[in-house]
Amino acid sequence: MQQDREHSNRVERCLAVLTCLQQGDYEGAQAALASLSPDDRLDEVLCALLETLVQRAREAGRFEQLLRRINSGLLLDDILNNVYTDFRDLIPYDRLGLSLLEDGGQTVRARWGRLDGGKMYLRRGYAAPLAGSSLQAILETGQPRILNDLPAYLAQKPSSESTRLIVAEGMRSSLTCPLMAEGRPLGFLFFSSASPNTYRDVHVEAFLRLADHLAVAVARGHLTSQLSVQKRAAERQNRTLDRLNAQKNAFLGIAAHDLRGPLSLVEMSTAILLDPQFEVSADDEKVLLQDMRAQARHMMALIDDLLDVAVIEQGQLRLRQEALDLCQVLAESAERHQRLAQPKGVRVVLNPLPAAGIVHADPQRLRQVLDNLISNAVRHSPPGGSVQLAAEQHELGWRVTVRDDGPGIPWDDQPKLFQPFAQLSARPPRNERSTGLGLAIARQVIQAHGGQIGVESVPGHGATFWFTLPA
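Here's a quick rundown of the structure. (Residues numbered from 1 in each chain as written. Predicted model: local features only at pLDDT ≥ 70, side-chain atom pairs only at ≥ 80, totals over all residues. Heavy atoms only, no water.)

Looking only at helices and strands, the protein chain has 13 helices and 13 strands in total. Taken over 471 residues, the protein chain has a buried fraction of 39%. Considering only contacts in the protein chain between residues 6 or more positions apart, those separated by 24 or more positions represent 65%. Just so you have it, the protein chain exposes about 26,900 Å², and 52% of that area is on carbon and sulfur atoms. (Helix = DSSP H or I, 4+ residues; strand = E, 2+ residues; numbered from the N terminus. Buried < 20%, exposed > 50% of the residue type's maximum accessible area, 1.4 Å probe, protein only. Contact = heavy atoms within 4.5 Å. Areas by Shrake-Rupley, 256 points an atom, 1.4 Å probe, with all protein chains shown as cover.)

Structure (C-alpha cells):
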C-alpha cells in the first residue's frame, strides 16, 4: 500500500514537471524536479529534457531578436550593419561581405563589405562573371560552402582574384552562403575569419535557420535603396530643371529687354533714313548707319553668348585643342585690344613673358576668354588708366592675369561674378554695354580645359582676373 502511494506521488510530481514544461514554465519545472529523487533515472531524463528545452527557448529568443534587428533596417546598408553587429553570437567572423547578382544573373558584384580593422582590398563594385565560378556551384546546390584554409585554396586556384584579395586582407577561412529570395537567386553573404579552421556545420545550420528571413530583408533593403537613389536622382533632376527653367525665363527677359532697345534704335534710324520728309545730310546718315551697325553687333554678341550658354548647359561644349604658343596668343590679344582701347585713353600693357610657353587649348575658345577679360578690364578702367596682361609658368601649368585700374568689385558681388544672369550691384560705366554672360562662359571654357578661373579685388583698388591652364 505504501509503495502504491509513493508510486502515485512520483507520477504526480512527474506530471507536474511535464505540465510546467508544456506551459513553458521552466522555473516551475525546475522546482518540481527538486522534489524527485536525485538518483531516479526519470529525474535524469527530465533534467536533460528541461536543459534542452531551455537552450532551445534561449536560441528561439535570440533568433527572434535577430529577426527584429534585421527587419528594423529600411535601407540595405542599415540591414547589413545590423547583421554585422548581431550575428557574432551565431557565426564568428572578422569580415562580412555581400555580393548581388546583376545582368540577369550573369555577374556577381560586391555591394557591401565591412572589416574589423585593416585595409579592404575587395571593395564595393568589384565584379566577376558567375558562369564557371565556384559560386555557381553554390547557387546550384543552395548549400553554404566552408573553406577553412584560404591560402591553400588560393594555391590550388591561383586565378581566383577574389580569394587573393581577401587573403591579402588577412582572412584565413570563410563561409560562403547563398541568398535565395522566394526561390530566386539574389546573391551571396560571405563570412570570413582571420583564423584558420573557424567554421563548422553548426554555423551552416545557424545561417540556414535565418536564411529565408535574411534574403527577404536584403531583397527589400536593396529595392528600397534603389528607390532612394532614384528619388535623389529625380530630386537632382528636378532642381536642374528648375534652374534651367529659371535660365529660360532669364533668356526671355534678356531677349525682351536687351534686344528690344537696340531693335528700337535700329527701327527708328531706318525710319528716319527712309522717310522722305526728313532731309538727312551725308554726315548724319553716316552717324545713323554707324549706330545701327553698333546696335547690330551688340545684338549678335548677345545672341552668340546666349547660344554659348545653351550649349554649355546641355553639356555639349566641345573643344578642338591643339598645341599653342601662349605667349604669342597673349601678344596678339594685347595688340588687338590696344587698338580698341585707344579711343578711350586706356593702355593695354603686355608685361614681359617667357620666351615660349606651349599649352594644349582650343584657340578660338581661349581667345574668347581673353577677349572677355580684357574688354571688361578696358570697360571699367578710367581714361588714362591701364590694363596689365601677364602670364607666369608654374610646376603644373600657366597662370594668366588681367589687371585693371577700375573701381574694383564689391565684396558681395565677387562670389556671383561667374554665374550666368547674376544680379550685381556694380553697373558698367556710362555708354558701356555688356551681355553679362561673358564671365560665366569663360568659367565653363577654362574648366573644360582642366583649369581654374577667379578674381582678386579690393573695392576701390582695381581688380585682377586670373585663370590657369595645364602645361
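The full count for this structure, using the stated rule, is 11 salt bridges. For Arg-399, the salt bridge is made with Glu-456, and the minimal N-O distance between the two is 3.1 Å. One end of the pair, Arg-399, is in strand β11 (residues 397–404); the other, Glu-456, is in strand β12 (residues 453–457), and 57 residues separate them in sequence. (Salt bridge = Lys/Arg side-chain N within 4 Å of Asp/Glu carboxyl O.)

Of note in the backbone geometry, Asp-103 takes a positive phi value of approximately 55 degrees without being a glycine. Of note, Asp-103 is situated in the loop between β1 (95–102) and β2 (107–115). Of note in this structure, Asn-197 is not a glycine but carries a positive phi near 55 degrees. With respect to the secondary-structure elements, Asn-197 resides in the loop between β6 (184–193) and α8 (201–257).

On to helix α5 (residues 134–141). If you check which residues of α5 are buried, you get Leu-135, Ile-138 and Leu-139. Buried residues along α5 cover an arc of 100 degrees about the axis, so they all sit on one side. Residues of α5 that are exposed and angled more than 90 degrees away from the buried face: Glu-140 and Thr-141. Contacts from the buried residues of α5 go to β1, β2, β4 (145–147), β5 (173–181) and β6. Of the residues one or two after α5, Gly-142 is the one with positive phi, at around 75 degrees. (Arc of directions from axis to C-beta.)

Take the sheet that holds β11 next. Pairing in this open sheet of five strands is mixed, and the strands run β8-β10-β11-β13-β12 from one edge to the other. Strand pairing shows two members of the sheet lacking a second neighbour, β8 (347–350) and β12, which therefore form its edges. The sheet shows a mean angle of 20 degrees between the axes of neighbouring strands, taken without regard to direction. Contacts from helix α11 (residues 326–341) reach β8, β10 (386–394) and β11 within the one sheet, and its direction differs from that of β8 by about 165 degrees. (Pairing = 2+ DSSP bridges. Axes fitted to C-alpha atoms, helices over the stretch in contact; angles between N-to-C directions.)

Pairing between sheet strands relies on hydrogen bonds along the backbone, with the strands arranged either parallel or antiparallel. On the basis of which strands lie adjacent, the open sheet formed by six strands has the order β3-β2-β1-β6-β5-β4 and antiparallel pairing. The sheet is open, and its two edges are formed by β3 (127–129) and β4, each paired on a single side. For this sheet, the mean inter-axis angle between neighbouring strands, taken without regard to orientation, is 25 degrees.

What follows is about a nonpolar patch on the surface. A cluster of nonpolar side chains, namely Met-300, Ile-303 and Leu-307, defines an oily patch on the protein surface of about 280 Å² accessible area. Mapped onto the elements of the fold, Met-300 is located in helix α10 (residues 282–313). Taking the relative accessible area as the measure of exposure, Met-300 reaches 48% and is therefore partly exposed. (Patch = residues over 30% accessible without salt bridge, like charges linked within 9 Å, V, L, I, M, F, W, Y side chains within 5 Å.)

Let us look at the packing of α11 against helix α12 (residues 363–380). Close contact between α11 and α12 brings their axes to 10 Å; oriented N to C, the two are set at 40 degrees. Classified by the angle their axes make, α11 and α12 are oblique. Relative to α12, α11 is oriented so that their crossing is right-handed. Residue-level contacts link Leu-326, Val-329, Leu-330, Glu-332, Ser-333, Arg-336, His-337 and Ala-341 of α11 to Leu-366, Arg-367, Leu-370, Asp-371, Ile-374, Ser-375 and Val-378 of α12. A breakdown of the residues in the contact of α11 with α12 according to their chemical character gives eight nonpolar, three polar and four charged. (Parallel < 35°, antiparallel > 145°, perpendicular 65-115°, else oblique. Left-handed = near helix turned anticlockwise from the far one by under 90°. Nonpolar A, V, L, I, M, F, W, Y, C, P; charged D, E, K, R; others polar.)

Further remarks concern the nonpolar core. By size, the foremost hydrophobic cluster in this structure holds 47 residues, and its most contacted members are Leu-366, Leu-370, Val-400, Phe-465 and Phe-467. Of the residues forming this core, the biggest block, seven residues, is contributed by α12. Beyond its immediate stretch of four places on either side in the chain, Phe-465 contacts Leu-373, Val-400, Thr-401, Val-402, Ile-409, Leu-417, Phe-418, Leu-439, Gly-454 and Val-455. With 28 residues, the next largest nonpolar core counts Leu-76, Leu-80, Cys-177 and Val-204 among its residues. (Core = buried A, V, L, I, M, F, W, Y, C linked by side-chain atoms within 4.5 Å.)

On to the packing of aromatic side chains, then. Applying the stated criterion to the full structure yields seven aromatic pairs. Seen in terms of ring centroids, Tyr-84 and Tyr-93 are 5.7 Å apart; in terms of plane orientation they differ by 55 degrees. Their pairing is tilted. With respect to burial, Tyr-84 and Tyr-93 carry one shared label: buried. Ring geometry for Tyr-93 and Phe-191: centres 5.5 Å apart, planes at 50 degrees, overall tilted. Of this pair, Tyr-93 sits in the loop between α4 (76–86) and β1 while Phe-191 sits in strand β6, and the two are 98 residues apart along the sequence. You'll find Tyr-93 and Phe-191 in the same group, each marked buried. (Phe/Tyr/Trp six-rings, centres within 6.5 Å; stacked < 30°, edge-to-face > 60°.)

By the element assignment, Gly-183 lies in the loop between β5 and β6. We classify Gly-183 as exposed; its relative accessible area is 63%. Residues Gly-183 and Gly-142 lie 41 residues apart in sequence; the distance between their C-alpha atoms is 10.0 Å.

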